[in-house]
Amino acid sequence: MAGLARCQREAEEVTELMKQNFARALERDGRLSDLDSRAQELRAMGETFSRSTRAVARQQRRGHRRWRLVAIGLAALLLLFLLALGLALWLPRPPPAIVTVPPSTGTTGSLPGLGETLQ
């Protein structure tokens, strides 16, 4: 009977170990489920973050593009102004009209129009 009692005790020990292992497996399964749900939440948050960063980057690019176009427009206007100013200053101009005054018959030698009349 001692052998039977020993076998019975070993069977109970093995049964107890199997119950403990099964309980641990259930705990691990619960933890794995928690980790899986956390991973899904993090994945969803990551996708939301990626969408928002793309939107912010797009808005910044638009703002930079807008300022770049304004700067290019101002530079073009300044260049046109300088070109027009340069053309106005350096283009050949017709010489000023020379007005000839006929010699006066008087002895004063002054110009007509200062009290004298031309004849």
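Parameters and conventions
- Residues numbered from 1 in each chain as written.
- Predicted model: local features only at pLDDT ≥ 70, side-chain atom pairs only at ≥ 80, totals over all residues.
- Heavy atoms only, no water.
- Helix = DSSP H or I, 4+ residues; strand = E, 2+ residues; numbered from the N terminus.
- Buried < 20%, exposed > 50% of the residue type's maximum accessible area, 1.4 Å probe, protein only.
- Salt bridge = Lys/Arg side-chain N within 4 Å of Asp/Glu carboxyl O.
- Patch = residues over 30% accessible without salt bridge, like charges linked within 9 Å, V, L, I, M, F, W, Y side chains within 5 Å.
- Areas by Shrake-Rupley, 256 points an atom, 1.4 Å probe, with all protein chains shown as cover.
- Lys, Arg positive; Asp, Glu negative; His and termini not counted.
- Charge placed at Lys NZ, Arg CZ, Asp CG, Glu CD.

Attention now goes to the overall build of the chain. Within the chain, the secondary structure is distributed over 1 helix and 0 strands. The burial tally for the chain puts 2% of its 119 residues in the buried class.

The next subject is the pattern of salt bridges. Counting across every chain of the model gives 2 salt bridges. Between arginine 6 and glutamate 10 there is a salt bridge, and its shortest N-O distance comes to 3.9 Å. Of the two residues, arginine 6 and glutamate 10 are both situated in helix 1 (residues 2-90); the distance of 4 residues between them amounts to about one turn of the helix. Judged by relative accessible area, which is 44%, arginine 6 ranks as partly exposed. Note on glutamate 10: relative accessible area 41%, which makes it partly exposed. Note that arginine 31 and glutamate 27 form a salt bridge whose closest N and O atoms lie 3.2 Å from each other. In this pair, arginine 31 and glutamate 27 both sit in helix 1, 4 residues apart, roughly one turn of the helix. Its relative accessible area of 46% is what places glutamate 27 among the partly exposed residues.

Taken together, the side chains of Trp67, Val70, Leu74, Leu77, Leu80, Leu83, Leu87 and Leu91 present a nonpolar region at the surface, about 870 Å² in accessible area. Position of leucine 87 relative to the elements: it lies in helix 1.

The next point concerns a positive patch on the surface. Taken together, the side chains of Arg51, Arg54, Arg58, Arg61, Arg62, Arg65, Arg66 and Arg68 present a region of like positive charge at the surface. Tracing the chain through its elements places arginine 68 in helix 1. Taking relative accessible area as the criterion, arginine 68 reaches 51% and is therefore assigned exposed.

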